[in-house]
Amino acid sequence: MSYETYFQQNREKHLTELKEWLSIPSISALSAHKEDVNKAASWLEKHLNSIGLENVVVHQTNGHPIVTADYLHAPGRPTILVYGHYDVQPVDPLNLWTTPPFEPEIRDGKLYARGATDDKGQLFLHIKAIEAILKEENGLPVNIKLCIEGEEEISSASLPPFLDANKDKLATDAVIISDTSLLEPGKPAISTGLRGLCSLEVEVNTANTDLHSGTFGGGVPNALHALVALLATLHDEQGRVAVEGFYKGVPELSPLMREEFAKQNMNEQALTDKLGLDTLYGEEGYSFVERVGARPTLELNGVYGGFQGEGTKTVIPKEAHAKITCRLVGDQDPQDMLDKIKAHLNKHIQPGATLKITDGEKARAFNIDPTDRMLQVAADAYASVYGTRALFTKDGGSIPIVETFSRVLEAPVVMMGFGLPDENLHAPNEHFNLENFDKGLLTIVEFLKTV
């Protein structure tokens, strides 16, 4: 029978299985759910064995388990490594969920549950596609490996050392990840870049105590004034980051990528209206999708200090704080960027104020040439099912483990997402559109049969 018929006939069974997995509250960030995370890994282990995969192993780590499996019976054919994660985000605020987050429910063609789109639902597509080919053809057209973790939502601390230690075992011709989204319904996309990340916290100190603004105002440094003035030096009037050397390693957009960005037909005015803004803002010379996908940024995420309560308190605060993150592209090195920002801040701090700077997260950007054969085959697979070829995009977010896979395994990473941008991942009422559940299964089968 055709694969479309196969999946139609088995749809209810597959959704029942997925609901069972989604009902496990595998929240990796909360220690109270450690056993639930282990339970989700055990469920996966049992299910992978049941569909005929081999060498299924649950690897214990210093954090949460990593599950691996394979099916290596296609000599001379490519090897594909499927990556995904079975851990999920916390569910707060619980009162905003229409139905309980771990009681999966289908409404209006959408499956609602925590993890439905990020990432149990999307990962499940690969499992069912592999199962379908094994049942229909008694084998696979490629060699398959799986590496599934339980810490993606808490920065994947255990996975990089696991990849380093198992580099030969996990050797592959391509890594396939479904943890991203289509641009919009019916408009698939393959990301060719993810921005890297670095973060820091800044503390400005002046006097050894808060001071009365009547007694001391105008005569002593004010920590909030010093911080605001300092932060204002980080950008110029054209929206560029003013830190010396910040753009080192940033590539110019190729004509091919600018063409792909243009094909998205982004309506900037519609976005402006939707956000209740008068205008968008950013680095001159680039469109919105170019700014958020392919250009580096330096953003203030929090600025605070002094009196925060109701009413007025005439105080000169002795300290003030800021949280800063940067999204990085190309060859920008996270530690180098932090060092340059710290040098800038120390250079521009006003007299009478002192600085304390604390480094935070660091992750390199990921980039891949869209002409890579694996990406081209994936784009064609989307076209065969969705009726339109996937566009090649660059995403503004950061998934640090993608760059790690690419670097450690020296293999292209193909991000074949089947979610939609409005599916509330990380938010209440997370859901997965079942139209893309159905089409995703067929797209993955097509990819595995043609790669």
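Residues numbered from 1 in each chain as written. Predicted model: local features only at pLDDT ≥ 70, side-chain atom pairs only at ≥ 80, totals over all residues. Heavy atoms only, no water.

## A word on the overall build of the protein chain
Cut-off, in case you're wondering: Numbering of helices and strands starts at the N terminus; helices are DSSP runs of H or I of at least 4 residues and strands are runs of E of at least 2. Our radius of gyration is a C-alpha quantity, and the globule rule it is checked against amounts to 2.2 Å times the number of residues to the power 0.38. Note on classification: 1.4 Å probe, protein chains only; a residue is buried when its accessible area is under 20% of the maximum for its type, exposed when over 50%, partly exposed between these limits. Here, two residues are considered to be in contact whenever any of their heavy atoms come within 4.5 Å of each other. For every accessible area listed, the method is Shrake-Rupley and the probe measures 1.4 Å; residues are considered covered only by the protein chains on display. Positive: Lys, Arg. Negative: Asp, Glu. His and the chain ends are not part of the count. Every charge is mapped onto a representative atom, which is NZ of Lys, CZ of Arg, CG of Asp or CD of Glu.
Helix and strand counts for the protein chain stand at 14 helices and 18 strands. A globule of 451 residues ought to have a C-alpha radius of gyration of about 22 Å, and the protein chain, at 24 Å, matches this closely. Counting across all 451 residues of the protein chain, residues that qualify as buried make up 53%. Of the contacts made within the protein chain by residues no fewer than 6 positions apart, 79% connect residues no fewer than 24 positions apart. Surface summary for the protein chain: the accessible area is close to 19900 Å², and the carbon and sulfur share equals 49%. Between the averaged position of the 41 positive side-chain charges in the protein chain and that of its 64 negative side-chain charges there is a distance of 2 Å.

## Things to note about the side chain of histidine 64
Mapped onto the elements, histidine 64 comes out in the loop between strand E1 (54–59) and strand E2 (66–71). Among residues more than four places away in sequence, those in contact with histidine 64 are Ser28, Lys34, Val37, Tyr86, Gly150, Glu151 and Ile154.

## Looking at the pairing of strand E16 (residues 391–395)
The test is simple: Strands are labelled as partners when DSSP assigns at least two bridges between them.
In terms of burial, E16 is largely enclosed, as four of its five residues are buried. Here strand E8 (residues 189–194) pairs with E16 via four bridges, running parallel. Looking at the pairing, isoleucine 190 lines up with phenylalanine 392 of E16.

## Here we look at the sheet that holds strand E13 (residues 319–328)
Paired through their backbone hydrogen bonds, the strands of a sheet run either parallel or antiparallel. What counts here: Between the N-to-C directions of two axes lies an angle of 0 to 180 degrees, each axis being a line fitted to C-alpha atoms and, for a helix, fitted only over the stretch in contact.
Strand order in the open sheet made by the four strands is E11-E13-E9-E14, with antiparallel pairing throughout. In this open sheet, the two strands that pair with only one neighbour each are strand E11 (297–305) and strand E14 (354–363). Here the strands of the sheet are splayed against their neighbours by 15 degrees on average, with no regard to which way each runs. Here strand E9 (residues 196–205) pairs with E14 via eight bridges, running antiparallel. From the neighbouring strand, leucine 200 faces E14, where its bridge partner is aspartate 359. Contacts from helix H7 (residues 223–232) reach E9, E11, E13 and E14 within the one sheet, and its direction differs from that of E13 by about 20 degrees.

## Re the pairing of E1
Bridge analysis of E1 against E2 gives four bridges, and the strand direction is antiparallel. Residue pairing across strands places valine 58 opposite valine 67, the latter belonging to E2. Taking the residues that link successive antiparallel strands as the turn, the E1-E2 hairpin has six residues.

## A closer look at the nonpolar core
The criterion, for reference: The nonpolar core is taken to be a set of buried Ala, Val, Leu, Ile, Met, Phe, Trp, Tyr and Cys residues, with the residues joined through side-chain atoms within 4.5 Å.
Within the largest apolar cluster, 89 residues are counted, with the highest numbers of intra-cluster contacts made by Trp21, Ile80, Phe405 and Phe447. With nine residues, the top contributor of residues to this core is helix H4 (residues 120–137). With sequence-adjacent residues up to four places away left out, tryptophan 21 is seen in contact with Ala40, Trp43, Leu44, Tyr86, Lys120, Leu123 and Phe124. Ranked by size, the runner-up nonpolar core spans 28 residues in total, among them Val243, Ala320, Leu328 and Ala353.

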